Amino acid sequence: MCGILAAAYLVFGCVYSRKLNAGHVCQSIEVIIADSTERQFIQKAEVMSMLRVNRLYPLHNPIEQVNTDAIERLIASHPMVHDAECYITTQDKVCIRLNQRIPLLRISSANGNYLVDTERRPMPIARNLPASLIKASGNIGERMACNELYDFAKWLQQNRYWKELISNIRVNSPHDVKLQMTNTEAVVCLGPLDDYESKLDKLKTFHRNKPDSIPAYRELDLRFTGQVIGRK
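Note on numbering: residues in each chain are counted from 1, in written sequence order. At least 70 in pLDDT is required for a residue's local features to be given in this predicted model, at least 80 for side-chain atom pairs to be given and counted, and no such filter applies to totals for whole chains, interfaces and linings, which use all residues. Water and hydrogen atoms play no part in the side-chain values, which are based on all heavy atoms of the structure.

## Digging into the overall build of the chain
Rule in force here: The numbering of helices and of strands both runs from the N terminus, where a helix is a DSSP run of H or I of at least 4 residues and a strand a run of E of at least 2. Relative accessibility decides the category of a residue: with a 1.4 Å probe and only protein chains considered, values under 20% of the type maximum give buried, values over 50% give exposed, and everything between is partly exposed. In what follows, residue pairs with any heavy atoms lying within 4.5 Å of each other are defined as contacts. Note on areas: these come from Shrake-Rupley sampling with a 1.4 Å probe, and a residue is covered only by the protein chains present in the view.
The helix and strand inventory of the chain stands at six helices and twelve strands. Counting across all 232 residues of the chain, residues that qualify as buried make up 40%. Excluding contacts between residues fewer than 6 apart, the proportion of contacts in the chain whose partners are at least 24 apart in sequence is 53%. Accessible area for the chain stands at about 13,100 Å²; split by element, carbon and sulfur atoms hold 51% of it.

## Re the confidence of the model for the chain
Spelled out, the test is: Confidence scores here are pLDDT values: one per residue, from the predictor, ranging 0 to 100.
A residue-level look at the chain finds 88% of positions with pLDDT of 70 or above and a mean pLDDT of 88. Under a pLDDT of 50 for its full length, residues 5-17 has, in the predicted model, three contacts with residues more than four places off or in other chains.

## A short note on the nonpolar core
Spelled out, the test is: Only buried residues count toward a nonpolar core, which is a set of Ala, Val, Leu, Ile, Met, Phe, Trp, Tyr and Cys residues joined through side-chain atoms within 4.5 Å.
By size, the foremost hydrophobic cluster in this structure holds 37 residues, and its most contacted members are I107, L149, F152, W162, I169, L200 and L203. Those residues in contact with L149 that sit more than four places away from it in its chain are L105, I107, A136, I140, M144, I169, V171 and L193.

## Digging into the side chain of S137
Take S137: it is sitting in strand β7 (residues 134-138). Judged by its relative accessible area of 16%, S137 is buried. Each residue touching S137, except ones within four places of it in the same chain, is listed here: S108, N168, I169, R170 and V171.

## Some points on unusual backbone geometry
Backbone geometry places R55, a non-glycine residue, at a positive phi of 55°. Relative to the helices and strands, R55 is located in the loop between α2 (44-53) and α3 (68-76). With a phi angle near 55°, D195 is a residue other than glycine that sits in the positive phi range. With respect to the element layout, D195 can be found in the loop between β10 (187-191) and α6 (196-209).

## Here we look at the layout of surface pockets
Rule in force here: Both site types are read off a 1 Å grid over the protein atoms alone. A 1.4 Å probe that fits but cannot get out defines a cavity, while an open set with protein on both sides within 12 Å along at least five of seven lines defines a pocket; lining residues have an atom within 4 Å of a point. Grid points are joined across faces, edges and corners, and a volume is the space filled by probe spheres set on the points.
The calculated volume of the largest pocket comes to roughly 480 Å³. Contributing to the lining of the largest pocket are 23 residues, with A131, S132, L133, I134 and Q157 lying nearest its centre. Looking at the lining of the largest pocket, the elements that each hand over two or more residues are β4 (103-109), β7, α5 (148-158) and β8 (166-173). Looking at the lining of the largest pocket element by element, the count peaks at four residues for β8.

## Some remarks on the sheet that holds strand β5 (residues 112-117)
Let me state the cut-off plainly: Only strands joined by at least two bridges in the DSSP assignment are considered to pair. Angular values range over 0 to 180 degrees, each being the angle between N-to-C directions of two axes fitted as lines to C-alpha atoms, with helices fitted over their stretch in contact.
An order of β6-β5-β4-β7-β8-β9-β10-β11-β12 is seen for the nine strands of this open sheet, with the pairing classed as mixed. Only two strands of the sheet have a single neighbouring strand rather than two, namely β6 (122-123) and β12 (229-231). In this structure, β5 lies alongside β6, joined through two bridges in antiparallel fashion. Within β6, the residue paired with V116 across the bridge is P122. Here α5 sits on the sheet in contact with β4, β5, β7, β8, β9 (176-181) and β10, set at roughly 130° to β4. Lying over the sheet, α6 contacts β8, β9, β10 and β11 (219-221), oriented at roughly 150° with respect to β10.

## Thoughts on the pattern of salt bridges
Convention followed: Each salt bridge in this description consists of a side-chain nitrogen of Lys or Arg and a carboxyl oxygen of Asp or Glu lying within 4 Å of one another.
According to the stated counting rule, one finds 13 salt bridges in the structure shown. Its salt-bridge partner being D35, residue R39 comes within 2.8 Å of it at the nearest N-O pair. In this structure, R39 and D35 share a single accessibility class: buried. The partner of R231 in a salt bridge is E219, with the nearest N and O atoms 2.8 Å apart. Here E219 lies in strand β11 and R231 lies in strand β12, a separation of twelve residues in the sequence. By relative accessible area, E219 is classed as buried at 14%. One salt-bridge network, in which partners are shared between bridges, spans K178, E219, D221, R223 and R231.

## With respect to α3
What counts here: Read the arc as the range of directions from the helix axis to the C-beta atoms. Within 3.5 Å is the distance limit for a polar contact, defined as a pair of N or O atoms, with the added protein rule that one can donate a hydrogen and the other accept it, and that residues adjacent in sequence qualify only through two side-chain atoms.
All of the buried residues along α3 are T68, A70, I71, L74 and I75. On an axial view of α3, the arc spanned by its buried residues comes to 160°, and they lie on one face. The N-cap residue of α3 is N67: its side-chain oxygen and the backbone nitrogen of D69 are 3.3 Å apart.

Now the structure itself:
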């Protein structure tokens, strides 16, 4: 019920604003990138350029001719934008507010280099990516990237212990996944991406009990039940 009332109020506000501004022209444009402090994948100048190229730039045009729906669709079509809202104020200003997509995982494979966002959708490589972004490389198809790898990366991101200790996921095949740790050159053999929580719990116990011995190993194998097998 509250959602219906809010939508009705928004429609009423837009209609009322247009009537109030009838005969006026657009005096200014404001672009609000709501999450710009967290990520900078699109700049305000880029939004302005999109409006000009697509002949939707509203400045000095009659308010009645400003197509807010078309502006919203155009900005939301940008590969780095999650959603966009456009509205007109009583001061004859066109406001555009947008949220950017949030990458979770960076993929480097023979099928291409791209990101997977928090909604399991591929997106292009962006500038200004956070250094902490989880990376995966190797023989990775898009289906695997957006499903099994996404689930694993999401779990890593939320795991206080492992998110700082795993720097890269290497996929040779769906049944041969290896991890590179940040504090050692040893490669962790995970096997298939199933039951990874219990597999890494074994390594966590081993890591805590014998931290000085880990650098001596070339490989740490977690594929066997109840065991961590170290190979030098």
